[in-house]
Amino acid sequence: MTATTADSAGTGTPRSAKDGAERLRAALLHRWPGKLLVLAVVAAVLVPVANAHWGSGLWPGALTVDVSRPLGDVSDWIIDNRDTHPLFLYFLGYLSNAVIIAVRAVYLLLLALGWTGVTAAATLVAWRVAGPRIALTALISFLVSGLLGMWVPTMQTLALMVVAVVVSAVVGAVLGLAGGLSDRLFRLLRPVLDTMQVLPAFAYLLPVVLVFGIGVPAALLATVVYAAPPMARLTALGLRGADAGVLEAVTSLGSTARQRLITARLPLARKEILLGLNQTIMMALSMAVIASLIGAAGLGDRVYQALASVDVGGALAAAVPIVLLAVVMDRTTAAAGARLGSEPSGPRAVRGRRGWALAVAVTAVVAVAGRLAGSTLWPNGATIAIARPVNDFKGWMVDHLYSGVPVVGGTADWAAHFTSWVLDPLRDGLTGLPWWGALLIVAALAWLIGTWQTALTAVLALCAIGVLGMWKPSMDTLSQVLAALAVTLVVGFGIGVLAAGSRRTEAVLRPVLDVMQTMPQFVYLIPVVALFAVGRAPAAAAAVVYALPAVIRITTQGLRQVDPAAVEAARSLGATRWQTLRQVQLPLARPALLLAVNQGVVLVLAVVIIGGLVGGGALGYDVVTGLATGDLAVGLVAGVAIVCLGLMLDRVTQPTERRTRKGA
Amino acid sequence: MTGTRITDSRRATIAATALAVGALLVALSGCGAADMTKQSSPFAAAKGAKSVTLSVQSWVGAQANVAVATYLLEHEMDYRVDTVQVDEIPAWDALSQGRVDAILEDWGHADQEKRYVEEKKTITAGGDLGVTGHIGWFVPKYWADAHPDVTDWKNLNKYAGQLRTAESGGKGQLMDGSPSYVTNDKALVKNLKLNFDVVFAGSEAAQITQIQQFAKARKPFLTYWYEPQWLFNEVPMKEVALPAYTAKCGDKGIEDPKSVDCAYPSTPLQKYFNTEFTRTGGDAATFLKNFRWTKDDQNKVSAMIASQGLTADEAAERWVKQNPDIWKKWLPGRK
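Just so it is clear, the model here is predicted, and its values are computed rather than measured.

## A short note on the overall build of chain A
(1) Moving on: Of regular secondary structure, chain A possesses 29 helices and zero strands.
(2) Moving on: The burial tally for chain A puts 55% of its 664 residues in the buried class.
(3) Moving on: Sequence-distant contacts in chain A: of pairs separated by 6 or more residues, those separated by 24 or more amount to 82%.
(4) Moving on: Put simply, chain A shows about 27200 Å² of open surface, and 69% of that area lies on carbon and sulfur atoms.

## Some thoughts on the overall build of chain B
(1) Moving on: The helix and strand inventory of chain B stands at 14 helices and nine strands.
(2) Moving on: Per-residue burial for chain B yields a buried fraction of 54% across its 335 residues.
(3) Moving on: Across chain B, contacts joining residues at least 24 apart in sequence account for 73% of those joining residues at least 6 apart.

## Here we look at the pairing of strand β4 (residues 123–140) of chain B
One face of the sheet, then the other: side chains in a regular strand alternate in exactly this way.
Residues and elements named next belong to chain B.
(1) Moving on: Examined bridge by bridge, β4 and strand β9 (residues 266–274) share eight bridges and lie antiparallel to one another. Within β9, the position partnered with Gly127 by the bridge is Lys271.
(2) Moving on: With five bridges joining them, β4 and strand β7 (residues 222–227) adopt antiparallel strand pairing. Along β7, the bridge assignment pairs Trp137 with Tyr224.

## Concerning the packing of helix α26 (residues 590–610) of chain A against helix α28 (residues 632–653) of chain A
Residues and elements named next belong to chain A.
(1) Moving on: The interhelical angle for the contact between α26 and α28, taken along N-to-C directions, is 165°, at an axis separation of 9 Å. Considering their axes alone, α26 and α28 lie roughly antiparallel with respect to each other. For the crossing formed where α26 meets α28, the hand is right-handed. Here Leu594, Val597, Asn598, Val601, Val602, Leu605 and Ile609 of α26 come into contact with α28, specifically with Ile642, Leu645, Gly646, Leu649, Asp650 and Thr653.
(2) Moving on: Partitioning the contact of α26 with α28 into residue classes produces nine nonpolar, three polar and one charged.

## Concerning helix α5 (residues 132–147) of chain A
Residues and elements named next belong to chain A.
(1) Moving on: Between its terminal C-alpha atoms α5 stretches 22 Å, which fits the 22 Å expected from 16 residues at 1.5 Å a residue.
(2) Moving on: Among all positions of α5, only Ile134, Ala135, Ala138, Ser141, Phe142, Ser145 and Gly146 are buried. Seen along its axis, α5 keeps its buried residues to an arc of 135°; they face one direction. Summarising the geometry of α5, the exposed residues directed more than 90 degrees from the buried face are Pro132 and Arg133.
(3) Moving on: On the buried face of α5, the contacting elements are α4 (86–130), α6 (151–181) and α14 (312–339).

## Describing the side chain of A:Thr116
Residues and elements named next belong to chain A.
(1) Moving on: Among the structural elements, Thr116 can be located in helix α4.
(2) Moving on: Judged by its relative accessible area of 15%, Thr116 falls in the buried class.
(3) Moving on: Look past the residues within four positions of Thr116 in its chain and what remains in contact with it is Val366, Ala367 and Gly370.

## What about unusual backbone geometry?
Residue and element names in this part refer to chain B.
(1) Moving on: Non-glycine residue Asp78 carries a positive phi angle of around 60°.
(2) Moving on: Among the structural elements, Asp78 can be located in the loop between α2 (60–75) and β2 (80–85).
(3) Moving on: A positive phi angle, close to 50°, is found at Arg218, a residue other than glycine.
(4) Moving on: Relative to the helices and strands, Arg218 is located in the loop between α7 (204–216) and β7.

## Quick notes on the packing of α2(B) against helix α11 (residues 282–290) of chain B
All names here are of chain B.
(1) Moving on: One can describe the packing of α2 onto α11 by two numbers: an axis separation of 11 Å at closest approach and a directional angle of 145°. Judged by the twist between their axes, the crossing of α2 over α11 is right-handed. Here Ala69, Leu72 and Leu73 of α2 lie close against α11, whose contacting residues are Ala284, Phe287 and Leu288.
(2) Moving on: In terms of residue class, the contact of α2 with α11 is built from six nonpolar, no polar and no charged.

## Regarding the pattern of salt bridges
(1) Moving on: This model, assessed by the stated rule, comprises 20 salt bridges over all chains.
(2) Moving on: Close ionic contact of B:Glu227 with B:Lys295 constitutes a salt bridge, the shortest N to O distance being 3.8 Å. Taken together, the residues span a long stretch of sequence, with B:Glu227 in strand β7 and B:Lys295 in helix α12 (residues 295–306) at a distance of 68 residues.
(3) Moving on: What makes B:Lys295 partly exposed here is its relative accessible area of 34%.
(4) Moving on: In the salt-bridge network here, residues are joined through shared partners; they are A:Asp330, A:Arg331, A:Asp514 and A:Arg553.

## Here we look at the packing of aromatic side chains
(1) Moving on: Evaluation of the coordinates by the stated rule reveals 16 aromatic pairs over all chains.
(2) Moving on: When the centroid spacing of 6.3 Å and the interplanar angle of 85° are considered together, the rings of B:Phe287 and B:Phe291 count as edge-to-face.
(3) Moving on: Classification of B:Phe287 as buried rests on a relative accessible area of 0%.
(4) Moving on: According to the relative accessible area criterion, B:Phe291 is buried, its value standing at 0%.
(5) Moving on: Taken together through their ring pairs, the aromatic side chains of B:Phe287, B:Phe291, B:Trp293, B:Trp319 and B:Trp330 make up a single cluster.
(6) Moving on: When the ring centre of A:Trp127 is taken as reference, the NZ or CZ atom of A:Arg128 above it lies at 5.2 Å.

## Some thoughts on a nonpolar patch on the surface
Residue and element names in this part refer to chain A.
(1) Moving on: A cluster of nonpolar residues, Leu37, Val38, Val41, Val42, Val45 and Leu46, forms a patch on the protein surface that exposes about 530 Å² of accessible area.
(2) Moving on: Along the chain, Val45 falls in helix α2 (residues 13–54).
(3) Moving on: According to the relative accessible area criterion, Val45 is exposed, its value standing at 53%.

## What to know about the interface of chain A and chain B
Think of interface size as the accessible area that goes away when the parts come together; that is how it is often given.
(1) Moving on: Taken together, the contact between chain A and chain B spans 70 residues of the former and 62 residues of the latter.
(2) Moving on: Connecting chain A to chain B are zero salt bridges.
(3) Moving on: At the boundary of chain A with chain B, the tally comes to one residue pair in polar contact (both at pLDDT 80 or more).
(4) Moving on: In terms of residue count, α4(A) provides more of the side of chain A that touches chain B than any other element does, 16 residues in total.
(5) Moving on: Of the residues assigned to the side of chain A that touches chain B, the class counts are 40 nonpolar, 19 polar and eleven charged.

## Concerning the state of the cysteines
(1) Moving on: Summed over all chains, the structure comprises one disulfide over all chains.
(2) Moving on: Residue pairing for B:Cys249: its cysteine sulfur links by disulfide to B:Cys262, the two sulfurs lying 1.9 Å apart. Residues B:Cys249 and B:Cys262 share a disulfide whose torsion about the S-S bond is about -95°; that sign makes it left-handed. Of this pair, B:Cys249 sits in helix α9 (residues 247–255) while B:Cys262 sits in the loop between α9 and β9, and the two are 13 residues apart along the sequence.
(3) Moving on: Taking relative accessible area as the criterion, B:Cys262 reaches 3% and is therefore assigned buried.
(4) Moving on: Free of any disulfide, A:Cys463 has its nearest cysteine sulfur in A:Cys644, 9.9 Å distant.
(5) Moving on: Residue class for A:Cys463 comes out buried when judged on its relative accessible area of 19%.
(6) Moving on: Classification of A:Cys644 as buried rests on a relative accessible area of 10%.

## What about the environment of A:Val608?
Residue and element names in this part refer to chain A.
(1) Moving on: If you trace the backbone, Val608 turns up in helix α26.
(2) Moving on: Each C-alpha atom, one on Val608 and one on Ala539, is 5.4 Å from the other, the two residues being 69 residues apart in sequence.
(3) Moving on: In this structure Val608 touches Thr477, Gln480, Val481, Ala539 and Ala543, once residues within four positions along its chain are discounted.

Conventions and cut-offs
Residues numbered from 1 in each chain as written. Chains lettered and ligands numbered in written order. Predicted model: local features only at pLDDT ≥ 70, side-chain atom pairs only at ≥ 80, totals over all residues. Heavy atoms only, no water. Helix = DSSP H or I, 4+ residues; strand = E, 2+ residues; numbered from the N terminus. Buried < 20%, exposed > 50% of the residue type's maximum accessible area, 1.4 Å probe, protein only. Contact = heavy atoms within 4.5 Å. Areas by Shrake-Rupley, 256 points an atom, 1.4 Å probe, with all protein chains shown as cover. Pairing = 2+ DSSP bridges. Axes fitted to C-alpha atoms, helices over the stretch in contact; angles between N-to-C directions. Parallel < 35°, antiparallel > 145°, perpendicular 65-115°, else oblique. Left-handed = near helix turned anticlockwise from the far one by under 90°. Nonpolar A, V, L, I, M, F, W, Y, C, P; charged D, E, K, R; others polar. Expected span 1.5 Å × (residues − 1). Arc of directions from axis to C-beta. Salt bridge = Lys/Arg side-chain N within 4 Å of Asp/Glu carboxyl O. Phe/Tyr/Trp six-rings, centres within 6.5 Å; stacked < 30°, edge-to-face > 60°. Lys NZ or Arg CZ within 6 Å of the ring centre and 35° of its normal. Patch = residues over 30% accessible without salt bridge, like charges linked within 9 Å, V, L, I, M, F, W, Y side chains within 5 Å. Polar contact = N/O pair within 3.5 Å; in protein donor to acceptor, adjacent residues only side chain to side chain. Disulfide = S-S within 2.5 Å.

What is shown is where atoms sit, not what they do.
What follows is the structure, encoded as structure tokens:
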């Protein structure tokens, strides 16, 4: 889902891809020897000093700060004062109550509508907003949720989502408005939003839980933190990008700044705002499952509970409605965005307000009919149990693939090889690297690809990890990220190139990628353990599955947007397909490929951490431990280390190009 | 200009509505202090049903307790039951806040007991579950039969080579489960000078899956495991004897967990309730207080859920149909 963010970022490319690539290459060619020279000089001066003072190897103990005591005190203070301190009684408590009341109100409304009413309403809204095809998708999706026996959890998730999306959209819109109207706020906001987007959600579950306790309020607030940034980013982008000519015209008519905003700038930014809403919805949904770790009920909780009894089928039954909700919401908001400004279609009777009135009337009739016909809940008998066949299939797969397959070897053997031939050397290498060496490498990479500011951020982030005393586990996590990233990029670029070359391949791939992107990661954590044995290998495998779609999509899009004239010219000069690809398309698509790497990094990191649940160890394990034992000192420090690692990786892989293009 | 006036008035309406909604929220939340100790789930008691929220822990035994309690509450007593999956220690927190009403199986958390039961009194002890829990190190029976001396910790180092995996590097692998489970294994390995590495599977599900895989290939393994557990029926295991548990060693472990060098104690599993719930919970509270069964009963239900592929609800239904004389005693007023 974060990948869709990337897609949206990519939509601006056609115009700038070519000159972007040129500029980038020019920048790299002209400046990198100088930058390296500067770094080499700095290193020559500082390294001997650092070495003499603190030695090499892992981050020196003298430079760490132990924060576990103060964090433990904070945690105790919160627990002891939560029921009495005014901060909780008059502020956080209200916040929490408001969330509960709002979610409950939506939930009761959904229950009152009954399954017939909700299905009708969803179908009709999709029809009004996005047309008949998507309406059919919505209809089928809701029926399938009922058939799978997931009606009540689906309604719980929906209630949570409605409130979370509304809050995220409002928060995001306010931030975006501020950033769109004021240059100073925009400059302030940009790094904040950048950072919020690289934070893996897993890392900040614990502090939210400590304050609000397990349950819906905590889950909702964690979701808002995760889902609001795209809305803010795209609203600001839309407002800033408004056509200057139109604004000039409106100003010349003598309108005030406020009128200008309402009559011209906001309408002009509608497309971006809708896209922001679309992203916000998708991210909120992807949080639904992770938030189940802190007691958000609904579908996510079902997935999580099923996992606890190694019930892949049960997990899948709860995951399918999540995927379907995501698909329906994504298509509906995307279609709404695409249809903006186009002529209304269809017969007169169903256009505009009349159409909406009709939709409301039909919903009411269907809801009442459903109520009269029986219970408002999905009838108990009318469900299909998919859990057992799915589990049987998983069993069959594991029996036949785990080990002893002739010639290629079983999946367990691959996992063992991957662990001892790739993961172990990488980990040993990274932990064996002197700490100042790691800092230098990071500085060099970040500076070569970005500016001195990005390099500074990256280096400081890495230092923070060391200071917190998390150097070793962070290097372990880093080795897993790098290994999984390498696999993701090799496979992703390969498939991306294939898909760019053939429309048919792309069409076949699309639904597969959709499912891979929206399927909650928890669902495949158990099958990967069954196939790859407990350890770091299954975590890496799950990460590859999750990050692959984004990489494939951005690669395909990037290659497609390469100027056809350039490709044609190469062909006419007698270049083979391979030559064209290697010498024309790939270089021209470089910004897109770099973006793919960046997205791959962020997504892989997010899952490698969740891999702590299947033996990934390192930082993810510490966060799980912190969550499971309510230990702020363990969990929060690991969480902060993850955030720093994410920042560092983002800066090291983030082409400056992306910033200027995204503009937010 | 009329256009702007209309928008202005509409905006005023929106603002007024927002204010009204805000005021309503404040009114609904009880005027004055918002009590963080009385926050039930927004999904509880929908449509005026009497409802109970139970915490489910991640292991199947806990699920079996909850499944049977849920089935009886729903079918015999007309309650609606919500379940929330929470890890052990956060569950205590949730219990004290009223997010859940009861924990049915607790493996002993001295710190939490002191804080919530003795000091804050937001949680009330609910008595024995009737099942005694035991944690230990286990090896598969097929392997122990071939090498009988492996069931003594003193001989473990001899077998470290056979227990090596890619993940444990040059040492033997001792597999642990979820980080939330009570474990001293890292300290034990160190203090007993064993040539082993503790590999955390990260969750019980991952650990079970791995054990099943080992058993299928009839490979040797050494794992942290516990009774009662349904998996023993599927993969028979033998316990490795660790230095015997003594009260002295236990006290030392509470002082400094890193100093532990003896086996785990056996724990009679306990129930805990939200204090408010014991007062206002009515029949449900009485029922849960009476709920008490044996290890065998729990294992029967667990095995149906975890290895025969029944849903928790089906498993509970089957057990309830077969054992009316056990659960009839739990129902309030029919003792």
